[in-house]
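# Report on the structure
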Amino acid sequence: MITVEDVEHVAKLARLRLSADEKKLYTEQLGKIIDFFAELNAIDTTGVEPMSHALSVTNVMREDEVETPPGHEILLKSAPDRDDAFFRVPKIGD
Amino acid sequence: MAATKNELVGRSTGDLRKLLKDKSVSSVEILRAHQDHIAHLDKDIQAFLCLTPELAEKQAKNVDAMIARGDELPALAGIPVALKDNMCVPGYKTTCGSQILKDFEPPHQSTAVTRLFDAGAICIGKTNMDEFAMGSSTENSSFQPTYNPWNKSYVPGGSSGGSAAAVSAGFSVIALGSDTGGSIRQPASLCGVVGMKPTYGTVSRFGLVAYASSLDQIGPFARSVEDAAITLSVIAGHDKRDSTSLSKYSFGEINYAKGLKDSSAEELVSGLKIGIIKELNGDGIDADVRKTVQETAEIFTKLGAKVEEVSIPTAKHALPVYYIIATAEASANLSRYDGVRYGFRDENAEDIVSMYMATRSQGFGAEVKRRIMLGTYALSSGYYDAYYKKAQQVRRLMKDDFNKVFSTYDLVLCPTSPTVAFKVGEKTADPLTMYLTDIATIPANLAGLPGISVPAGFGAQGLPIGIQILGNTLSDAILLKAAAAFEKTTEFHTKQPPVLLAQGK
């Protein structure tokens, strides 16, 4: 079972701010879903290599060719706030 | 005699190609017919989030110029296509169904989209979807729900519900969707069209907004298997911009449509051994759907295939494995929405951490937050081994189960969706009930296998039922052959929903 404190902790890790109602709802819903995950405990996975990907691709090599990137103007066009060639954000430290 | 407008809607790529080559119609006329149809009827279906008339006009005129010059026409010349709104097209918004991207105009174009456009396809518009492809009904779009063209009280499935509905309703000839846990195949089943998730790595994910990177795959929707195969042939292939795309040596010749039209159904399934997955054809699957699986098996037997029951013991655990792995990957992928570089930002925050939290809390909808938190939980200290690592281990066991079956069988059959389309609002209150609708589609994503859903019957309220065919890695061509054989032997794909029948009246 997970608690409201667990939900608060996870929300903080995920950089989400939840209302009191949301905390209550998510505690209940996530609890039910996580309980459902528990069926996996019955499966013996001793010594089984975890599978992180559908393909067994390791290093993908390519030719080291010079290409022209789109340039910062086009990428900064979508920025919520900018200053010259930089993304502008609220203050980071005191 | 020039074809009238309403005769241009609901046609196959082959029909339209012939009309264009004969010069009986122009690409612009085909476009207009589809635009008129959308203008009259999409208000009831709400398949599209935005239309792209400027781009479509330019593309159609370009095709007409090619015809006038007598140029060789590329594979999809003049064919109207709809794109799920998680694929980037510069000049238009890519919202992913989310408030956090509601004004986002991408600087880049998806490779799959570029390949469609290079093949002469005409971009009709961007289709509705569950926010960040998280959902099974397209009710989780933050902009609008989409309704099932067969009956507007029912959902079209999801998350690519807009693309499925667009093809079903005749708003476009083909469409692209993305499939992470069934998001192409399930809505195809519920809307009575063909939908295919190719082998993982077949279609580049460059320019596709990421949900769960080890599972996401782009694929086609169409009203026939041949049109799906033609579309897949256009979009498949290695892309250096996606390091998980298969190398060109994996593919051989990319022509999935080869032989589909000219071979008989018997020739197409000759020598095939097909398994019916026991674990996905029992409890939790509606009687109507199980009957359809049985009837499909009989048809394949009649055509000369050897059909037997097979076992994938781990398939019944696919759901928890998926909802751990997909949400874990999503929690990492969606950390990029921080209000710094693009998308929505809350302007009132005093410092950067408050800005992140305010931005994300307002920008994401309830299901997206739920999945981000689930994934964060599964990856967090103290729980990683119990959830994430465990899920990855069961994923390996499932892949091993499939490998074992595919050492004897060429293909396997199972339902696409456990039920026909459900009512709008029926499953929105309980997330777990909604997750259960993906039970039969998820195994293919976890194992990276190709899967296709084809119309195979009608159930309650006359709503469509799809059958799912899965194959081994890179057996996409065999899958399409079997699907085409089934289509040649049955009439289900020829039935049209009321919305398509109503066009032009």
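As a convention, each chain's residues are numbered from 1 in the sequence order in which they are written. Each chain takes a letter, starting from A, and each ligand takes a number, starting from 1, following the order in which they are written. For this predicted model, a pLDDT threshold of at least 70 governs which residues receive local features, and a threshold of 80 or more governs which side-chain atom pairs are given and counted, while totals over whole chains, interfaces and linings are taken from all residues. The basis for every side-chain value is the complete set of heavy atoms in the structure, and neither hydrogens nor water enter the calculation.

Helix and strand content of chain B: 18 helices and 11 strands. Within these notes, the globule rule equals 2.2 Å times the number of residues to the 0.38 power, and the radius of gyration is based on C-alpha atoms. The C-alpha atoms of chain B give a radius of gyration of 21 Å, which matches the 23 Å a tight globule of 505 residues would have. Its C-alpha atoms put chain B at 70 × 55 × 45 Å along the principal axes. Between buried and exposed lies partly exposed: a residue is buried under 20% and exposed over 50% of the maximum accessible area for its type, with that area taken using a 1.4 Å probe on protein chains only. Within the span of chain B, comprising 505 residues, buried residues form 65% of the whole. Calculation of accessible area relied on Shrake-Rupley with a 1.4 Å probe; when residues are assessed, cover is drawn exclusively from the protein chains displayed. As displayed, chain B offers around 16500 Å² of accessible surface, 50% of which is attributable to carbon and sulfur atoms. Two residue types count as positive, namely Lys and Arg, and two as negative, namely Asp and Glu; His and chain ends fall outside the count. To locate a charge, the coordinates of NZ of Lys, CZ of Arg, CG of Asp or CD of Glu are taken. Distance between charge centres in chain B, computed from 52 positive and 54 negative side chains, equals 2 Å. In this description a helix means any DSSP run of H or I spanning at least four residues, a strand means any run of E spanning at least two, and both kinds are numbered starting from the N terminus.

The next point concerns the confidence of the model for chain B. Taken residue by residue, chain B gives an average pLDDT of 96. The fraction at 70 or more is 98%. Interface confidence for the predicted complex, given as ipTM, is 0.95, next to a pTM of 0.97. How sure the predictor is of each residue is captured by pLDDT, a score from 0 to 100.

Let's shift gears to the interface of chain B and chain A. Residue contacts follow a heavy-atom distance rule, with two residues in contact if any of their heavy atoms lie within 4.5 Å. Contacts between chain B and chain A engage 67 residues on the former and 49 residues on the latter. Accessible surface is computed with a 1.4 Å probe, and the buried area is the amount of it that two parts give up when combined, taken over both parts together. When chain B packs against chain A, the two sides together hide about 5300 Å² of surface, and 69% of this comes from carbon and sulfur. Salt bridges are defined as contacts in which a side-chain nitrogen from Lys or Arg sits within 4 Å of a carboxyl oxygen from Asp or Glu. Between chain B and chain A we count 3 salt bridges in total. Note that Lys32(A) and Asp430(B) form a salt bridge whose closest N and O atoms lie 3.8 Å from each other. Here a polar contact means two N or O atoms within 3.5 Å. Within protein one must be a hydrogen donor candidate and the other an acceptor candidate, and residues neighboring in sequence count only if both atoms are side-chain atoms. Inspection of the chain B/chain A interface yields 20 residue pairs in polar contact (both at pLDDT 80 or more).

Residues and elements named next belong to chain B. At least two DSSP bridges between two strands are needed for those strands to be called paired. Read across the open sheet, the 11 strands follow the order β1-β3-β2-β4-β6-β5-β10-β11-β9-β7-β8; overall the sheet is mixed. Bordering the open sheet on either side are β1 (48-51) and β8 (306-310), each of which pairs with just one other strand. Pairs of neighbouring strands in the sheet enclose a mean axial angle of 30 degrees, with direction left out of account. With 3 bridges joining them, strand β7 (residues 273-277) and strand β9 (residues 411-415) adopt parallel strand pairing. When the sheet's bridge partners are listed, Gly275 is paired in β9 with Val412. Here an axis means a line fitted to C-alpha atoms, over the contact stretch when the element is a helix, while the angle between two N-to-C directions is reported on a 0 to 180 degree scale. Sitting on the sheet, helix α17 (residues 476-489) touches β5 (194-197), β9, β10 (451-458) and β11 (464-471), and the angle it makes with β10 is about 10 degrees.

What follows is about the packing of aromatic side chains. All names here are of chain B. A pair of Phe, Tyr and Trp rings is counted when the ring centres sit within 6.5 Å of each other, with Trp represented by its six-membered ring. The angle between the planes then sorts it: under 30 degrees is stacked, over 60 is edge-to-face, the rest tilted. If you walk through the whole model with that rule in mind, you get 18 aromatic pairs over all chains. Ring centres 6.2 Å apart and planes at 80 degrees place the aromatic pair Tyr337 and Tyr342 in the edge-to-face group. Classification of Tyr337 by relative accessible area gives buried; the value is 6%. Overall, Tyr342 belongs to the partly exposed group, its relative accessible area being 22%. Among the aromatic residues, those joined into a cluster by ring pairs are Phe104, Phe132, Tyr337, Tyr342 and Phe364. Distance and angle both matter: a charge sits over a ring if NZ of Lys or CZ of Arg is within 6 Å of the ring centre and within 35 degrees of the ring normal. Positioned above the aromatic ring of Tyr409, the side-chain terminus of Lys273 is 5.3 Å from the ring centre.

A word on the pairing of β8(B). Residues and elements named next belong to chain B. Pairing of β7 with β8 involves 5 bridges; the strand directions are parallel. In the sheet register, Gly275 faces β8, and the bridge partner there is Glu308. Call a crossover right-handed when, viewed with both strands pointing away from you, the route from the first strand across the helix to the second goes clockwise. Crossover connection from β7 via helix α10 (residues 287-302) to parallel β8: handedness right-handed.

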